[in-house]
Amino acid sequence: MKQIKSLMTAALMLVMGIMMTSCLNSDNSPAINYLYVRVQSSMFGFYYFEDALGNKFTPTETSAAEVDASGFKASETKFAYIAFEFVEETQAASKEVTNEEYTIKLLGAKSIDGEDVVVASNQENMEMMAPETAPIGTLKFTDSWGTSAQPMLFDLDAVMVPISFYLTNDNEKFKMHKLYLACNLEDVKAGDTELVFYVRHDRGEDENASVTYAQWYGFDIRSAISEFVNLAGATPSKLIIKAHETSNPTTEIPEQYQEYEIEYKMPELN
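We now turn to the structure provided with this report. (Residues numbered from 1 in each chain as written. Predicted model: local features only at pLDDT ≥ 70, side-chain atom pairs only at ≥ 80, totals over all residues. Heavy atoms only, no water.)

What follows is about the sheet that holds strand E13 (residues 194-202). One open sheet accounts for 5 strands, arranged E7-E12-E13-E15-E16; its pairing is mixed. Edge positions in the open sheet fall to strand E7 (118-120) and strand E16 (258-263), since each of these has one partner strand only. Here the average twist between neighbouring strands, direction ignored, is 25°. In the packing of helix H5 (residues 222-232) onto the sheet, the strands contacted are E7, strand E12 (178-184), E13 and strand E15 (238-243), and the crossing angle to E13 comes to about 140°. (Pairing = 2+ DSSP bridges. Helix = DSSP H or I, 4+ residues; strand = E, 2+ residues; numbered from the N terminus. Axes fitted to C-alpha atoms, helices over the stretch in contact; angles between N-to-C directions. Contact = heavy atoms within 4.5 Å.)

Locating Asn 184 in the fold gives a position in strand E12. For the pair Asn 184 and Val 119, spaced 65 residues apart in the sequence, the C-alpha separation amounts to 6.4 Å. Excluding anything up to four places from it in sequence, Asn 184 contacts Ala 120, Ser 121, Asn 122, Gln 123 and Met 126. There is a polar contact of 3.3 Å between the side chain of Asn 184 and the side chain of Gln 123. (Polar contact = N/O pair within 3.5 Å; in protein donor to acceptor, adjacent residues only side chain to side chain.)

With respect to burial, E12 is a largely interior element, 6 of its 7 residues being buried. Sheet topology note: the E7/E12 ladder contains 3 bridges and is parallel. The residue bridging Val 119 from the neighbouring strand is Cys 183, located in E12. (Buried < 20%, exposed > 50% of the residue type's maximum accessible area, 1.4 Å probe, protein only.)

Our next topic: the pattern of salt bridges. The tally for this structure, following the rule as stated, stands at 11 salt bridges. Here Asp 220 ties to Arg 222 by a salt bridge, and the two come within 2.5 Å at their closest N and O atoms. Relative accessible area serves as the criterion here: at 16%, Asp 220 is assigned to the buried category. (Salt bridge = Lys/Arg side-chain N within 4 Å of Asp/Glu carboxyl O.)

With respect to the secondary-structure elements, Thr 77 resides in the loop between helix H2 (61-69) and strand E5 (79-86). Polar side-chain contacts of Thr 77 include one of 2.7 Å to the backbone oxygen of Lys 73. Apart from the residues within four sequence positions on either side, Thr 77 is in contact with Val 39, Phe 72, Ser 111 and Asp 113.

Okay, here's the thing in structure tokens:
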């Protein structure tokens, strides 16, 4: 049985795709790019990808079919991590490019969908809708080059959250784990400017915490933003994400939360 990937391997994958990166081989072979994207469907039944800046990436029919055959299900996926090559050498994308269209050779794709965001009217409902039976490891990673990753805004409708958690080294046990992004809007009042989310980990019937798994998860927060606007009268200026973190593999939940702050606005281009 294949072992679940270690934290070291997963953390490396996490930081590779915060922004688009390229790896050029010395023999001038095409650059391989990595990107976190939304998965979109066209009116003709094909799918394509969009990054946070509105750039559109359409895979060739052949490459899409090959990746689909490996198990990727675009019709069931909202957010994905993709590896690809640009079809034309003249095409070049960067964080300063917006609303461009590219044709790509898709090399691989992995769903990174989180559970549906839980929007609760009170604490009791949040605990029922998003059970918490175990802590997480952390929402922040740093690789050997000093590059860090932590919760960030993908666009005004979604957040990307890197999450590590502890579990039994068994694929069936892995399937039992659910990671929720939840909010309790009971105390939100007119004029409030901060929307608080909680990352909640339900381990199901997995009783052990012997290995660590980590990856990015994409969460669509539109419903939470809409409800917050109804109560506060305006969109939030900040998103606060709280999690019960522990650095030691355990199933015990600590009392204190670790907090992460995200400014709720699209980043300015450099």
